[in-house]
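Structure assessment
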Amino acid sequence: MADVQTPNTGAYATLWDSRPVKYSSVLFQVCGFILMMELAERLSYYGINQGLRNFMKAVLGWTGVSANSIKSTWTSLCYLTPLLGAYLADERWGRFKTIAIFGTLYFIGDVLITIASHPDVLGWKETNVTGVFDRDGANTKAAEGLFVFGLFACIGVGTGAIKCNVITLGADQFDPNDPKEAAQKVTFFSYFYWCINFGAAFSYGYLATLCVKGSASISKDYGYFATFLICACVMGLALLMLFIGHKRYVKFPPSSDAMSKLVRVLSSAASQSISARGACAGFVALIMSFVLNLIAVFLKDGSPERKGMTYFAGVMAVIGCVLWVLAGMNFKNMSKASVAEGGRIDNRSIEEIKMVVRVLPFAAFNVMWQCVYDQIDANFQVIAQQTDLRFGNERDSTQLSGAVLGIFDPVAIVILIPLLDAVIYPAYKKHFGKAASPFGKVTVGLTIATFTMFYVGGFEIIRRNSGPIMLPMSADNRTLDVIRDEGGKQPMNKLPWGWNIFHYILVALCECLINVTAYDVFYSEVPAYLKSTCQAINLFMVSMGSSVTSIFTLLFQSSIPDDLNEGSLENMFFTVGAVSLINLFLFVFVMRTMQFGMHSVEDSEVAHEDDLSKEALIDRSSNQMDARESFTKQRA
């Protein structure tokens, strides 16, 4: 077998020099098109995301358990396919072509779910009142087929494949040798993040209400159709902006085989290295967990087949994480496959891939945190919809859509990130004489995440015990009756909706502590040409977290009826909290044993074995902005 060699990343300066026009402001005259595309695409994504659960439950008639688990599985797919997007962009097509092809697939998916949500396709019968339909006895099979195909095969694959490429395409436009453009690049990341959050805020603010209530000119029965139609139109606009600006873009040709090399080295080293075997087997186990869960969510509710498949998926997820932890703890064992120790792989390649294997435990311990994070658009929304969403005390008082509460996550992040950077971290450094380490930040984040699950479990008990709101059916009929929320059609309880905000803020704080730090770690600890691949691995952990959420939801399906007042959803939260607590203790033990992440960026560089490893690292002091870029990639 031929030796695996380090790829040649090439020289890129000639591409910037070859621009036919020298733009005075690359930020606006070139990247303006990319920023507009991102704003439109994120509006489309979050517009679909916020309405998924209620559409599947209230319109398609699926159970709450199925709606929640399918929603989480779809999210998992969205964060799994960046691996595909990164591979094609870096090794086959380049970033622009990858975005164009998968963006078009994404747009087709938007169109399909829009068609699926039309009352005529859903089989509803129009009444004497224009825009109002009778849903009784409707055959939704055709709509369900269009919806599932469009959601999974088109949107799930499309959004994931472009996720890791749009921001990178934008960053590519700035010549690092031009001080003016280098400064504009920093501003670009801030604008990009603003576009993401504006799109999310608009979707959670307006579209979350439109899909449930309609508007002055759109009836409730057309609410989801109108919402998904808007999403399709803005995704079409996103593609239009991409193509309009294409002549202005610097387009890097595919020039790296980083992902292929990672696979080649690990598979080649597996015969001689236990660590390499563990890394490969762990990835296979995690993929199997995703596939098994994907099958389980479409099996019959409550069936033994679904339960058995879900248990199997859970076991494979645990095995995958354990194998990655063990592989990373024994990363030095990779050297057995090097030429220096009688192996067949060149020493430099082994040393570089060892650095990737070394971060796998850090990635594995983040899966449970990502499971907690995924609760925002799944079970947190379910709870919110059975609190008192009214503005007033009357039966017909205006209701807030439960999905709107998701807006508190991005809003809290926008506030918390500068608060941590400008106040909390400097205060910590002043008090302790050293900057907060990645290990410390993540440990605090995992602790808060664990607390959040126990807190939300207690919150659910309080919510359920507050009892349903009972009011007279009408002025003429004084019989007491429950008031149902307009999204999930379940009884609302007396606990006011505002009490939900706190757990959204807790999760947002964990994102700032864990996600930003994690992206810095994945960027800082590996060679330059492997950074994008490692960010894709990090997104893969987000995918696994959503998959684990689906697994927990299916395992506790007997405790999660459509009306949560008749169930015990807190049992799932307490279990997730207990597993998160075990995860926290193991994280602390393993990271301390490996001495991983113990030093801050400002204080020192992580010690590495030899000069060859050090040469592959970039200056850690320059990574804070790159961490912001990477964090933005996740929300992108």
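Residues numbered from 1 in each chain as written. Predicted model: local features only at pLDDT ≥ 70, side-chain atom pairs only at ≥ 80, totals over all residues. Heavy atoms only, no water.

When helices and strands are tallied, the protein shows 23 helices and four strands. Relative to the globule expectation of 26 Å for 636 residues, the C-alpha radius of gyration of the protein, 25 Å, shows essentially globular dimensions. Overall, the protein is about 85 × 55 × 50 Å in size when its C-alpha atoms are taken along their principal axes. The buried share of the protein, taken over its 636 residues, is 61%. Taking as baseline every contact in the protein between residues at least 6 positions apart, the subset at least 24 positions apart corresponds to 81%. Just so you have it, the protein exposes about 24100 Å², and 64% of that area is on carbon and sulfur atoms. (Helix = DSSP H or I, 4+ residues; strand = E, 2+ residues; numbered from the N terminus. Rg over C-alpha atoms; globule rule 2.2 N^0.38 Å. Buried < 20%, exposed > 50% of the residue type's maximum accessible area, 1.4 Å probe, protein only. Contact = heavy atoms within 4.5 Å. Areas by Shrake-Rupley, 256 points an atom, 1.4 Å probe, with all protein chains shown as cover.)

One pass over the full model with this rule turns up 19 salt bridges. Close ionic contact of Arg-306 with Asp-301 constitutes a salt bridge, the shortest N to O distance being 2.5 Å. Classification of Arg-306 as buried rests on a relative accessible area of 0%. Among the residues examined, Asp-301 registers a relative accessible area of 31% and is labelled partly exposed. With a shortest N-O distance of 3.4 Å, Glu-351 and Lys-354 are connected by a salt bridge. Of this pair, Glu-351 and Lys-354 both sit in helix H14 (residues 347-358), three residues apart, which is roughly one turn of the helix. This pair shows no difference in class: Glu-351 is buried, exactly as Lys-354 is. (Salt bridge = Lys/Arg side-chain N within 4 Å of Asp/Glu carboxyl O.)

Now for the side chain of Asn-68. Of note, Asn-68 is situated in helix H4 (residues 64-80). Beyond its immediate stretch of four places on either side in the chain, Asn-68 contacts Arg-53, Ala-378, Asn-379, Val-382 and Thr-553.

A word on the domain arrangement of the protein. Interface size, as often reported, equals the accessible area lost upon joining of the parts. According to the domain assignment, the protein consists of domain 1 (20-127 + 134-253) and domain 2 (256-621). Computed over C-alpha atoms only, the centres of domain 1 and domain 2 are separated by 22 Å. Opposite the 40 residues of domain 1 that make contact, domain 2 presents 54 residues. Sorting the residues of domain 1 by area buried against domain 2 places Val-65, Tyr-79 and Tyr-204 first, and these three jointly supply 15% of that buried surface. On inspection of domain 1 and its partner domain 2, the count reaches two salt bridges. Notably, a salt bridge pairs Glu-486 with Lys-220, separated by 3.8 Å at the nearest N-O pair. Our count for the contact surface shared by domain 1 and domain 2 stands at 16 residue pairs in polar contact (both at pLDDT 80 or more). Mapped by element, the contributors of at least two residues to the side of domain 1 that touches domain 2 are helix H3 (31-59), H4, helix H5 (82-91), helix H7 (141-163) and helix H9 (179-213). Per-element tally for the side of domain 1 that touches domain 2: the top contributor is H4, with 14 residues. For the side of domain 1 that touches domain 2, the per-class residue count stands at 17 nonpolar, 15 polar and eight charged. (Domains from an automatic or database assignment. Buried area = accessible area lost by both parts, 1.4 Å probe. Polar contact = N/O pair within 3.5 Å; in protein donor to acceptor, adjacent residues only side chain to side chain. Nonpolar A, V, L, I, M, F, W, Y, C, P; charged D, E, K, R; others polar.)

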